[in-house]
Amino acid sequence: MTRLLKPLVLGQNYEFARDMLCRKLNLFADAFVAIDGSKFKAVNNRDRNFTKAKMRRRLQQIDESIERYLGQMASADRQESEVAQTKVQRLEDKIKALKKEMSRLKKLEVRLLEAPDQQISLTDPDARSMATSGRGTGMVGYNVQTAVDTKNHLVVAHEVTNVGHDRAQLFNMAQQAKEAVGAEELEVVADRGYFKGEEILECENAGITTYLPKPQTSGSQAEGRFGKRDFRYIPEDDEYECPGGERLIWRFRTQEKGQTMNKYWSSACPRCKIKSQCTPSPYRRVTRWEHESVLENLEARLDKEPERMRVRRQTSEHPFGTLKSWMGSTHFQMKTLKHVNTEMSLHVLAYNLKRVINILGARPLIEAIRA
Ligand code: SF4
């Protein structure tokens, strides 16, 4: 078996070999994948990673400790006993050690401020501080992205990144999955962390149908007033109809964070009877991205097929859970993004092989590799 797999592992094109094999065995038949990311720990200990906030906190703690010791020294100095003098000496040593630590941290701070993302990791320079889903459970590590086939739970594509969020990963992962599956069209499901208009548009343009919920960011809705969903867009007129039955007409076009936005409002707002449920401002303005229809179509698709989100949960959690249990509590053993990526590839290869053996049995797999 090892002899058969060696060329796959050592060859530059192991992913290509995997994709060809899985396609030959008809294991990617559904062309429907779940994209998800999970944080994996790096070799780098939390104490050897510094962000601006962490550095500020550490320096402040040292300052406070020095102040406290100086106070204790002053009161010990006032007593003339031998015990007090020994205490003074001990406190002097502690202050000396703290000043040394402060000077070390100040030097690191200079390096930290020069880093593009104002963060440094001393053991693995590419590892980054990342928030995890549990409250106060951040880690220093990597964000592993996977696209998993929803039928057989095989990892179709994966990539290790050191960016702590998933917002810019949807198209990248979907495109890699589409190439691996070898289908003209692909359907992908992801969680709301991937929701970004430009990414969804790129998928649409590449023949990739997306299913992901929109994050709730409407301030009005959070405060109990009408949300944007309560305003119906009328494409033929390029106008919105509001809950009060008035038309919000197009007013002007503007650029916001690199996106072209259209602004709409109605002149009827000041006289509106339900205005308190709508806006505290003189007029309720609605903003529409020039490609908003792509997002509206996505929302309609998800309303029609809400069970897609259940499929996402059932699909992504299995490989991540299995991989983490194999890797143990320390996760990665290698350092730097390049080597960590290779380490992950080997884990994914092992995971996929075990899955295929479970699905088909070892003999048919060996025969397919040989053929
Ligand atoms: S405040 Fe303006 S937008 Fe809101 S319901 Fe009234 S008329 Fe419509």
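Cut-offs and rules
- Residues numbered from 1 in each chain as written.
- Predicted model: local features only at pLDDT ≥ 70, side-chain atom pairs only at ≥ 80, totals over all residues.
- Pairing = 2+ DSSP bridges.
- Helix = DSSP H or I, 4+ residues; strand = E, 2+ residues; numbered from the N terminus.
- Axes fitted to C-alpha atoms, helices over the stretch in contact; angles between N-to-C directions.
- Near = placed C-beta within 6 Å.
- Nonpolar A, V, L, I, M, F, W, Y, C, P; charged D, E, K, R; others polar.
- Domains from an automatic or database assignment.
- pLDDT = per-residue confidence, 0-100.
- Contact = placed C-beta atoms within 7 Å.
- Parallel < 35°, antiparallel > 145°, perpendicular 65-115°, else oblique.
- Core = buried A, V, L, I, M, F, W, Y, C linked by C-beta atoms within 7 Å.
- Buried ≥ 20, exposed ≤ 12 C-beta atoms within 10 Å, placed from the backbone.
- Expected span 1.5 Å × (residues − 1).

## A word on the sheet that holds strand S13 (residues 286-289)
Okay, step 1: Strand order in this open sheet of five strands is S9-S10-S11-S12-S13, and the pairing throughout is antiparallel. Two strands bound the open sheet, and with one partner strand each, they are strand S9 (232-234) and S13. When the angles between neighbouring strand axes are averaged without regard to direction, this sheet yields 35°.
Okay, step 2: Inspection of the sheet shows strand S10 (residues 239-241) paired to strand S11 (residues 247-256) by two bridges, in the antiparallel sense. By the bridge assignment, glutamate 241 is partnered in S11 with arginine 247.

## Things to note about the site of the ligand
Okay, step 1: Close contacts around the ligand come from 13 residues, with Cys242, Gly244, Cys269, Cys272 and Cys278 the closest.
Okay, step 2: Its residues placed into classes, the shell around the ligand shows seven nonpolar, three polar and three charged.

## Looking at the domain arrangement of the chain
Okay, step 1: Assigned domains of the chain: these are domain 1 (2-44 + 132-215 + 299-370), domain 2 (49-121) and domain 3 (219-290).
Okay, step 2: Averaged C-alpha coordinates put domain 2 and domain 3 at centres separated by 55 Å.

## So, the confidence of the model for the chain
Okay, step 1: Put simply, the chain has an average pLDDT of 90, and 93% of its residues get 70 or more.
Okay, step 2: For the chain, per-element mean pLDDT is lowest for helix H1 (residues 2-10), which scores 45, and highest for S10, which scores 98.
Okay, step 3: Scored below 50 in pLDDT, residues 1-12 makes nine contacts in the model with residues more than four places away or belonging to other chains.

## Some words on the packing of helix H6 (residues 197-205) against helix H8 (residues 292-304)
Okay, step 1: Running from amino to carboxyl end, H6 crosses H8 at an angle of 80°, the nearest separation of the two axes being 10 Å. It follows that H6 is roughly perpendicular to H8 by the angle criterion. Between H6 and H8, the residues in contact are Gly197, Ile200, Leu201 and Glu204 and Val294, Leu295 and Leu298, respectively.

## Section: the nonpolar core
Okay, step 1: With 49 residues, the main nonpolar core has Val33, Ile35, Val156, Ala174, Ala177 and Val188 as its most contacted residues.
Okay, step 2: Mapped by element, the contributors of at least two residues to this core are strand S1 (32-41), strand S5 (139-149), strand S6 (155-161), helix H5 (170-181), strand S7 (186-189), H6, strand S8 (208-211) and helix H10 (337-360).
Okay, step 3: In terms of residue count, H5 provides more of this core than any other element does, seven residues in total.
Okay, step 4: Not counting residues within four places of it along the chain, the set of residues in contact with alanine 174 comprises Ile35, Ala147, Leu186, Val188, Cys203 and Ile208.
Okay, step 5: Judged by nonpolar contacts, the second largest core, of five residues, contains Tyr240, Cys242, Leu248 and Tyr264.

## A closer look at the pairing of S1
Okay, step 1: With 10 of its 10 residues buried, S1 lies for the most part within the structure.
Okay, step 2: Side chains Phe32, Ala34, Asp36, Ser38 and Phe40 of S1 all project onto a buried face; the interleaved residues Val33, Ile35, Gly37, Lys39 and Lys41 project onto the opposite face, where all are buried too.
Okay, step 3: With nine bridges joining them, S1 and S5 adopt antiparallel strand pairing. What sits directly across from lysine 39, in S5, is asparagine 143.

## With respect to helix H4 (residues 82-114)
Okay, step 1: A rise of 1.5 Å per residue sets the reference length of H4, with its 33 residues, at 48 Å; its end C-alpha atoms lie 49 Å apart and thus fit the reference within 8%.
Okay, step 2: Counting buried residues along H4, only zero of its 33 residues qualify, which leaves the element largely exposed.

## Some details on the environment of glutamate 187
Okay, step 1: Here glutamate 187 is to be found in strand S7.
Okay, step 2: Between the alpha carbons of glutamate 187 and glutamine 89 there is a distance of 70 Å; along the sequence they are 98 residues apart.
Okay, step 3: The residues contacting glutamate 187, other than those within four sequence positions of it, are Ala31, Phe32, Thr209 and Tyr211.

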